[in-house]
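# Structural overview for review
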Amino acid sequence: MIGEQQLFDSMQNLQIEVLYHWIDLGLVEPQRDANGYLFDDVDEARITLIYDLHYGMGLEHDSLPIILSLVDQLHQTRHHLRAITAAVTAQPEDIKVAIASRTRFVIGGGPADDAGFK
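In what follows, the accompanying structure is described.

About the thresholds
Residues numbered from 1 in each chain as written. Predicted model: local features only at pLDDT ≥ 70, side-chain atom pairs only at ≥ 80, totals over all residues. Heavy atoms only, no water. Salt bridge = Lys/Arg side-chain N within 4 Å of Asp/Glu carboxyl O. Helix = DSSP H or I, 4+ residues; strand = E, 2+ residues; numbered from the N terminus. Buried < 20%, exposed > 50% of the residue type's maximum accessible area, 1.4 Å probe, protein only. Phe/Tyr/Trp six-rings, centres within 6.5 Å; stacked < 30°, edge-to-face > 60°.

What follows covers the pattern of salt bridges. Scanning the model with the defined rule gives two salt bridges in all. Measuring nitrogen to oxygen at the nearest pair gives 2.8 Å for the salt bridge that ties Asp72 to Arg46. Of this pair, Asp72 sits in helix α4 (residues 64-89) while Arg46 is found in helix α3 (residues 41-56), placing the two residues 26 residues apart along the sequence. Owing to a relative accessible area of 34%, Asp72 belongs among the partly exposed residues under this scheme. Salt-bridge contacts for Lys96 lead to Glu93; the nearest nitrogen and oxygen are separated by 3.5 Å. You can see Lys96 and its partner Glu93 sitting in helix α5 (residues 93-107), three residues apart, about one turn around the helix.

Written as structure tokens, this is what we have:
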């Protein structure tokens, strides 16, 4: 965890009012103690992304919640796909082959084989 000053030291062009606005918008949800906000690694990465979107790409603050919501959805989808991959990997070979075959068929990448799916 780092404090506000450490964050500002690492992101020299970030203004305190802008950071507080991002916090008020709920784009970043740091912890808070008697000395101010505390940022974990996830907060830092998110602030870096927001900073790049706003300052680097010129996106307005009003657009950020929508963009970040989409990024969050993609992140959650990747997490789910990793869980599904782990579950499939743990299956016997014939089940893995059947799942792969059906997946190719469903996404249009090839015909289903004789795995019994129609």
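Okay, the packing of aromatic side chains next. According to the stated counting rule, one finds three aromatic pairs in the structure shown. On the numbers, 5.7 Å between centres and 55 degrees between planes, the contact of Tyr20 with Tyr37 is tilted. Remark: Tyr37 occurs in strand β3 (residues 36-39) and Tyr20 occurs in helix α2 (residues 16-24); sequence separation between them is 17 residues. Classification of Tyr37 as buried rests on a relative accessible area of 13%. Between Tyr51 and Tyr55 the ring centres are 4.7 Å apart and the planes differ by 45 degrees, which places this aromatic pair in the tilted class. Of this pair, Tyr51 and Tyr55 are both found in helix α3, four residues apart, which corresponds to roughly one turn of the helix. With a relative accessible area of 36%, Tyr55 lands in the partly exposed category.

Honestly, that's just the spatial picture; any functional story needs more than this.
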